[in-house]
Amino acid sequence: MKINKEEILKELRAQLANFKAETYEAEVGHVVEVGDGIVRLSGLSQVKMSEMIEFKEAGQESIYGVALNLNDGSVGAMVLGESSRIQEGDLAYATGRILEVPVGDKLIGRVVNPLGQPIDGKGNIAPDAFYPVEKIAPGVITRQSVNKPIQTGLKAIDALIPIGRGQRELIIGDRQTGKTAIAIDAIINQKKENVICIYVAIGQKESKVAKIVAELTERGAMDNTIVVLAGASDPAALSFIAPYAGCAMGEYFMDKGKDVLVVYDDLSKHAWSYREISLLLRRPPGREAYPGDIFYLHSRLLERSAKLNADYGGGSLTALPIIETQSGDVSAYIPTNVISITDGQIYLESDLFYQGVRPALNIGLSVSRVGSAAQIKAMKQVAGKLRIDLAQFRELEAFAQFSSDLDQETKNRLELGKRLSEILKQGQYEPMPVANQVVVLYAAVNGLVNAIPVERIKEWEAGFIKYCQVNYKTIMAEIIKPEGLTDKIKEALNKAVTEFNQSFSK
């Protein structure tokens, strides 16, 4: 075959005539050290705090890291993925973007990791937008005072420690005292309240989260819930960013004027993961080996909870952070930090839990700093007397142990207190509508159940609610109206209790 030089030259000249040199600028560094989910880099002098760093491998999906330490001559970053795939000497590229997660309506009903990637096997998610994981909290001008309740469906909480939309209420207690159960009950109760829920599992066993997802699905609560899972076997970096990612997903809906409830389960493990990352990055350790900015770790997360005013859409983000204590020590470092940041705490006690009081709520140590501003009027009317009667009962109960000779007034108060305590007990996955709560508590605080034996109180409660729903349907609907318990409603409730008690005692 004869080669035609003229044709080859002609083709080369045509290509050279159309040639345009394309240049692009990229900040590139090298991996100096890698291990335990941490990399140390050189050459990235312009990289910013919380900026994403890309580690490219030929023919493989990129791995990303986040810059956390900006030292003189080096950058310390945590790896969001398998650090074993990164080798010393590999190239690292600054992306110019801070870490962000996909947000949108398509995430509802899904289980995702802290990067917003689906892990439930139901296919990819098309996001509506991307939100930064770290964001400055809403300012004073954009907020309004908390004035609308988040109904948890738990009598003891809705009556005594009300939670408002936009509030941060801490759930604190030893392990296995029902902290997660309260949060899950609150999520289940939101399916009729038009509240979007986000459950953030930090360092939890995948089997435990699978059970929670199955329970939420069975009760129809996954239809308005997003589950963000950083499993116990995942890198510490994912546990660290998980609550911020969950918060960002919630902020998307808050910005659209919707109400959101976010559960952080739990922030103790979150603090542990941050301590691990900080020690690996060789940050100076402080008390209990935590870094100096451990308080800021949680304050910048929880301050993002807010009730926005009407000019900014009127949405809200309510936070239920969970903290695990060791042997009931609420004065430990992390518990005291989070208690000082939040607007109140629900304190669960091991002794009460083992006595069969569920939820194991210590009413003396539990408080809501929003108070009755986050209650409907009818609940305010019954809850005020309930708290006083329970406080007196706790005091008299301790006193009565040392005295056998009690006057009739004291005996009556003790009997009332026993019934109130029994009424406030509630099973798991049994959230109760607020109207049902009010009618039961009204009967209890007014002494209308004193003739009922304590061991039959739960049976009486179930029967009385059914009786009211059948025979006093209009009254049940009127209870939740702004007027509260009018004289007409009180008269009807007194009549209902009297009628039901006559049939119940037979």
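Everything below is about the structure shown above.
This structure is a prediction, so every number in the text was calculated from the model and none was measured. (Residues numbered from 1 in each chain as written. Predicted model: local features only at pLDDT ≥ 70, side-chain atom pairs only at ≥ 80, totals over all residues. Heavy atoms only, no water.)

With that settled, the discussion passes to the pattern of salt bridges. All told, the structure shown has 23 salt bridges when counted by the stated rule. Taking the shortest distance from any N to any O, the salt bridge between Glu 33 and Arg 282 comes out at 3.3 Å. You can see Glu 33 sitting in strand S1 (residues 28–35) and its partner Arg 282 sitting in the loop between helix H6 (267–280) and helix H7 (294–302), a full 249 residues away along the chain. For Glu 33, a relative accessible area of 32% translates into the label partly exposed. What makes Arg 282 exposed here is its relative accessible area of 59%. Arg 165 serves as the salt-bridge partner of Glu 193, at 3.5 Å between the closest nitrogen and oxygen. Here the residue Glu 193 occupies a position in the loop between helix H3 (179–189) and strand S11 (195–204), and Arg 165 occupies one in the loop between helix H2 (155–160) and strand S10 (170–174), the gap between them amounting to 28 residues. Put simply, Glu 33, Arg 40 and Arg 282 are held in one network by salt bridges that share partners. (Salt bridge = Lys/Arg side-chain N within 4 Å of Asp/Glu carboxyl O. Helix = DSSP H or I, 4+ residues; strand = E, 2+ residues; numbered from the N terminus. Buried < 20%, exposed > 50% of the residue type's maximum accessible area, 1.4 Å probe, protein only.)

Counting residues in hydrophobic clusters, the biggest one holds 76 residues, and the most contacted among them are Ile 346, Leu 386, Trp 460, Ile 479 and Leu 485. Sequence-distant contacts of Leu 485, that is, excluding residues within four places in its chain, are made with Ala 378, Gln 381, Val 382, Val 438, Tyr 442, Ile 479, Lys 490 and Leu 493. Counting residues in hydrophobic clusters, the runner-up holds 61 residues, among them Leu 99, Tyr 131, Ile 202 and Ile 277. (Core = buried A, V, L, I, M, F, W, Y, C linked by side-chain atoms within 4.5 Å. Contact = heavy atoms within 4.5 Å.)

Taken together, the 5 bridges between strand S3 (residues 51–57) and strand S4 (residues 60–71) define a ladder with antiparallel strand orientation. If you follow Phe 55 over to S4, its bridge partner there is Ile 63. Here S4 pairs with strand S5 (residues 74–79) via 6 bridges, running antiparallel. Looking at the pairing, Leu 70 lines up with Val 75 of S5. (Pairing = 2+ DSSP bridges.)

Our focus in this paragraph is the sheet that holds S5. In spatial order, the strands read S1-S2-S5-S4-S3-S6; together these 6 strands close into a barrel with antiparallel pairing. Ignoring which end each strand starts from, the neighbouring axes of this sheet average 45° apart. (Axes fitted to C-alpha atoms, helices over the stretch in contact; angles between N-to-C directions.)

A word on the packing of aromatic side chains. According to the stated counting rule, one finds 12 aromatic pairs in the structure shown. A ring pair is formed by Tyr 467 and Phe 500, whose centres lie 5.6 Å apart and whose planes are at 45°; its orientation type is tilted. Taken as a pair, Tyr 467 in helix H13 (residues 457–471) and Phe 500 in helix H15 (residues 487–504) lie far apart in primary sequence, 33 residues in all. The rings of Trp 460, Phe 464, Tyr 467, Tyr 472, Phe 500 and Phe 504 are connected pair by pair, giving a single aromatic cluster. When the ring centre of Tyr 290 is taken as reference, the NZ or CZ atom of Arg 275 above it lies at 4.3 Å. (Phe/Tyr/Trp six-rings, centres within 6.5 Å; stacked < 30°, edge-to-face > 60°. Lys NZ or Arg CZ within 6 Å of the ring centre and 35° of its normal.)

Another aspect to go through is the packing of helix H10 (residues 377–400) against helix H11 (residues 408–423). Following both chains from N to C, one finds H10 and H11 inclined at 115°, their axes separated by 9 Å at the closest point. Judged by the twist between their axes, the crossing of H10 over H11 is left-handed. Between H10, through Leu 386, Asp 389, Leu 390, Gln 392, Phe 393, Arg 394, Leu 396, Glu 397 and Ala 400, and H11, the contact on the second element is made entirely by Thr 410, Arg 413, Leu 414, Leu 416, Gly 417, Lys 418, Leu 420 and Ser 421. When its residues are assigned to classes, the contact of H10 with H11 shows 8 nonpolar, 4 polar and 5 charged. (Left-handed = near helix turned anticlockwise from the far one by under 90°. Nonpolar A, V, L, I, M, F, W, Y, C, P; charged D, E, K, R; others polar.)

Along the chain, Thr 325 falls in strand S15 (residues 316–325). At 2.5 Å, the side chain of Thr 325 and the side chain of Asp 174 are in polar contact. Contact partners of Thr 325, with chain neighbours within four places excluded, come to Ile 172, Gly 173, Asp 174, Arg 175, Val 330 and Pro 335. (Polar contact = N/O pair within 3.5 Å; in protein donor to acceptor, adjacent residues only side chain to side chain.)

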